[in-house]
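Coordinate inspection notes
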Amino acid sequence: MAGLITYIKESFGELKNNVSWTPWPEAQKLTVIVAVFSIIFSLAIWGVDTVFSRAVRAYFDMIH
């Protein structure tokens, strides 16, 4: 158990002293960009899925 506590303390020390963090305003801007592109891509995938599902449904209605 003492080894785990030491590991956690050293991990936090590593994060605090040796990791270069992105400045907060830039991190906020990048988060917004990722969110916007995620929404755009999810809408694009939804659109393609809708088109394909209608095409498959039309095909099976045609052969039935």
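Source: prediction; values computed, not measured.

With respect to the overall build of the protein chain
If you tally the helices and strands in the protein chain, you get two helices and zero strands. Radius of gyration (C-alpha) of the protein chain: 24 Å, far over the 11 Å computed for a compact globule of 64 residues. Principal-axis analysis of the C-alpha atoms gives the protein chain an extent of 70 × 35 × 10 Å. Approximately 6,200 Å² of the protein chain is accessible, and the part contributed by carbon and sulfur atoms is 71%. Across the protein chain, the mean location of the 5 positive side-chain charges is 7 Å away from that of the 5 negative side-chain charges.

Considering the packing of aromatic side chains
Using the criterion set out here, one finds two aromatic pairs in the structure. Consider the rings of F37 and F41, whose centres lie 6.2 Å apart with planes at 35 degrees: the pair is tilted. Separated by four residues within a single helix, F37 and F41 lie in helix α2 (residues 24-63), roughly one turn from each other. Note on F41: relative accessible area 52%, which makes it exposed.

What to know about a nonpolar patch on the surface
Among the surface-exposed residues, M1, L4, I5, Y7, I8, F12, L15, V19 and W21 lie close enough to one another that they form a single nonpolar patch of about 1,000 Å² accessible area. The topology assignment puts V19 in the loop between α1 (2-17) and α2.

Looking at the environment of F60
When you line up the elements, F60 lands in helix α2. In the structure, F60 is positioned 29 residues away from T31 in sequence and 43 Å away in space, judged by C-alpha atoms.

About the cut-offs
Residues numbered from 1 in each chain as written. Predicted model: local features only at pLDDT ≥ 70, side-chain atom pairs only at ≥ 80, totals over all residues. Heavy atoms only, no water. Helix = DSSP H or I, 4+ residues; strand = E, 2+ residues; numbered from the N terminus. Rg over C-alpha atoms; globule rule 2.2 N^0.38 Å. Areas by Shrake-Rupley, 256 points an atom, 1.4 Å probe, with all protein chains shown as cover. Lys, Arg positive; Asp, Glu negative; His and termini not counted. Charge placed at Lys NZ, Arg CZ, Asp CG, Glu CD. Phe/Tyr/Trp six-rings, centres within 6.5 Å; stacked < 30°, edge-to-face > 60°. Buried < 20%, exposed > 50% of the residue type's maximum accessible area, 1.4 Å probe, protein only. Patch = residues over 30% accessible without salt bridge, like charges linked within 9 Å, V, L, I, M, F, W, Y side chains within 5 Å. Salt bridge = Lys/Arg side-chain N within 4 Å of Asp/Glu carboxyl O.

That's the geometry; what it means functionally is another story.
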